[in-house]
Amino acid sequence: MAEPLKNLLHPGLVTDMASHISVAAPDFDATRFSRLAIDGMEALELMQRSERIRDALTETLPADYAVAANILRQALPTGDKPGLTGWALLPVNQFVSQHGLGHFDLSLALLKALTPHFTAEFGIRRLIHAEQDRALAEISGWTTDANHHVRRLASEGTRPRLPWAMRLPALVKDPQPILPILVALLDDPEDYVRRSVANSLNDIAKDHPALVADFVERHIDGASAERRQLLRHASRTLLKKGDAKALANFGFAAARGIETFLIVTTPVVTFGDKLGFSITVSNEDAEPQRLMIDYAIHHVKANGTLAPKVFKWKTLDLAAGGRQSIDRDHAIRPITTRVYYPGTHRIDILINGRVSASLDFELHMD
């Protein structure tokens, strides 16, 4: 069984935090901070634990935010000196978010200094929401920073729908202000940064599909392999939905005369085992076709309804009159992002974004 996410924040981490902050501020009440942060922690989930630690910081750091922010910055690692790093900086993000709006420039500077040691994508959201133009003017300059973590923060922190974080409703409604940031990072040398750009564009595609399809069209001609991969990943939601413009950007068209024969080789699956299936795809059209083959698993929810999750599978060039068979095993095992329920599930085969074949299977939980 996977370790619960909440255990990323634990009493030992709090003790380490107290030690590092005490080096930066010798009069810091480390004992009180640890007691406030750890009390009742076992019953709390990850974000609740982080908020508990944030509140302990609020109670024990100086009430003057500028002084407190300076202490936290001094407690970061520098050179060979250890300091606050990793998940210990999640509650620091929350501290800045909660208290830092009145010290805008100081808070942005602290988050920029923090992000190489964890990420500041959670702390920066409230600043962007409060003063979007001012924040983006500063963040735009980070796209040329020597540190790739800072460059990634420019794209990740501005994502309209960043998971686990507050949404940015103004950017959900109108993402145009962040497009220059994403363009500046399209050819970043770090894959870590480019993936963030792709994820931001994918966020935007959920609300503005035509904008992203047009963006990809403008930037795909002559693209390097790395940029093309970024743009393909940015288009994943549109491709899964069969968006015609997105498909055309990558050389796909609406499938014509395609017949798909689906076999589920494990019609009854026990939780922890694999769903086995195979397909035979035939091209009855007079022209060759490029096919994007994906599949969707419709999982049973707690209320008995089905919810689909699309998985990428294979790209296939099929000649006129051609036929090809492929098979796959799909593991159905414990993961932190889904709760499984027994019952009748369904698998769809998607050809260029459209359902081409479907069958049911049973999931047993024992």
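Details of the structure are given in the entry above.
Conventions we followed
- Residues numbered from 1 in each chain as written.
- Predicted model: local features only at pLDDT ≥ 70, side-chain atom pairs only at ≥ 80, totals over all residues.
- Heavy atoms only, no water.
- Buried < 20%, exposed > 50% of the residue type's maximum accessible area, 1.4 Å probe, protein only.
- Helix = DSSP H or I, 4+ residues; strand = E, 2+ residues; numbered from the N terminus.
- Pairing = 2+ DSSP bridges.
- Axes fitted to C-alpha atoms, helices over the stretch in contact; angles between N-to-C directions.
- Patch = residues over 30% accessible without salt bridge, like charges linked within 9 Å, V, L, I, M, F, W, Y side chains within 5 Å.
- Areas by Shrake-Rupley, 256 points an atom, 1.4 Å probe, with all protein chains shown as cover.
- Salt bridge = Lys/Arg side-chain N within 4 Å of Asp/Glu carboxyl O.
- Lys, Arg positive; Asp, Glu negative; His and termini not counted.
- Charge placed at Lys NZ, Arg CZ, Asp CG, Glu CD.
- Parallel < 35°, antiparallel > 145°, perpendicular 65-115°, else oblique.
- Left-handed = near helix turned anticlockwise from the far one by under 90°.
- Contact = heavy atoms within 4.5 Å.
- Nonpolar A, V, L, I, M, F, W, Y, C, P; charged D, E, K, R; others polar.
- Core = buried A, V, L, I, M, F, W, Y, C linked by side-chain atoms within 4.5 Å.
- Phe/Tyr/Trp six-rings, centres within 6.5 Å; stacked < 30°, edge-to-face > 60°.
- Lys NZ or Arg CZ within 6 Å of the ring centre and 35° of its normal.
- Polar contact = N/O pair within 3.5 Å; in protein donor to acceptor, adjacent residues only side chain to side chain.

> How would you sum up the pairing of strand S1 (residues 258-264)? Please name residues and give values.
By the alternation rule, side chains of S1 split into Ile258, Thr260, Leu262 and Val264, which are all buried, and Glu259, Phe261 and Ile263, of which none is buried. Here seven bridges tie S1 to strand S3 (residues 274-283), and the two strands are oriented antiparallel to one another. From the neighbouring strand, Ile263 faces S3, where its bridge partner is Ser278.

> I'd like to hear about the sheet that holds strand S4 (residues 289-300), residue by residue, with values.
Here five strands make up an open sheet; going across it, the order is S2-S8-S7-S4-S5 and the pairing mixed. Two strands bound the open sheet, and with one partner strand each, they are strand S2 (268-270) and strand S5 (306-318). Neighbour-to-neighbour, the strand axes of this sheet turn through a mean angle of 30°, independent of strand direction. When S2 meets strand S8 (residues 354-364), the two strands line up parallel, connected through three bridges. From the neighbouring strand, Thr270 faces S8, where its bridge partner is His364.

> Which residues make up a positive patch on the surface, and what are the values?
A cluster of like positive charges, contributed by Arg167, Lys206, Lys241 and Lys309, occupies part of the molecular surface. Within the fold, Lys241 resides in the loop between helix H15 (236-240) and helix H16 (244-249). Judged by its relative accessible area of 57%, Lys241 falls in the exposed class.

> Any chance you could break down the packing of helix H5 (residues 89-99) against helix H6 (residues 104-114) for me, citing the residues and the numbers?
Angle between the axes and distance between the axes: these two values describe a pair of packed helices. For the pair H5 and H6, the least separation of the axes is 11 Å and the interaxial angle reads 165°. By the angle between their directions, the pair H5 and H6 is classed as roughly antiparallel. Both H5 and H6 take part in a crossing whose hand is left-handed. Across the interface between the two elements, Leu89, Val92, Asn93 and Val96 from H5 touch Ser107, Leu110, Leu111 and Leu114 from H6. By residue class, the composition of the contact of H5 with H6 is six nonpolar, two polar and no charged.

> Tell me about the sheet that holds S1, and please be specific about residues and values.
One open sheet accounts for three strands, arranged S1-S3-S6; its pairing is antiparallel. For this open sheet the edge positions go to S1 and strand S6 (323-331), each flanked by a neighbour on one side alone. With strand direction ignored, the average angle separating the axes of adjacent strands in the sheet is 20°. Examined bridge by bridge, S3 and S6 share nine bridges and lie antiparallel to one another. Paired with Ser278 across the strands is Asp327, a residue of S6.

> Please give an account of the nonpolar core that cites residues and values.
One finds Ile21, Phe33, Ile53, Leu61 and Leu84 to be the most contacted residues of the largest nonpolar core, which totals 79 residues. Beyond its immediate sequence surroundings of up to four residues, Phe33 is in contact with Val14, Met17, Ala18, Phe28, Ile53, Ala56, Leu57 and Thr60.

> Describe in detail the packing of aromatic side chains, supporting the description with residues and values.
Under the definition given, this model contains eight aromatic pairs. Geometrically, the ring pair formed by Tyr65 and Phe95 is stacked, given 6.1 Å between the ring centres and 20° between the ring planes. In this pair, Tyr65 is assigned in helix H4 (residues 65-74) and Phe95 in helix H5, connecting sequence segments 30 residues apart. The pair Tyr65 / Phe95 is uniform in exposure class, with both members buried. Here Tyr295 and Phe311 contribute two aromatic rings whose centre-to-centre distance is 5.3 Å and whose plane-to-plane angle is 20°, an arrangement assigned as stacked. Linking Tyr295 in strand S4 with Phe311 in strand S5, this pair joins segments that are 16 residues apart in sequence. Per residue, the accessibility class of Tyr295 equals that of Phe311, and both read buried. The ring of Phe250 has Arg232 sitting right over it, with the charged end atom 5.6 Å from the ring centre.

> I'd like to hear about helix H9 (residues 148-156), residue by residue, with values.
Each full turn of the α-helix corresponds to 3.6 residues, which orients residues three or four apart in the same direction. With seven of its nine residues buried, H9 lies for the most part within the structure. Inspection of H9 places Val150, Arg151, Arg152, Leu153, Ala154, Ser155 and Glu156 among the buried residues, and these make up the whole buried set. Turning to H9, the residues buried within the fold contact H6, helix H7 (125-130), helix H8 (132-140), helix H11 (179-184) and helix H12 (191-207). The residue sitting at the N-terminus of H9 and contributing the capping side-chain oxygen is Asn147; that oxygen lies 2.8 Å from the backbone nitrogen of His149.

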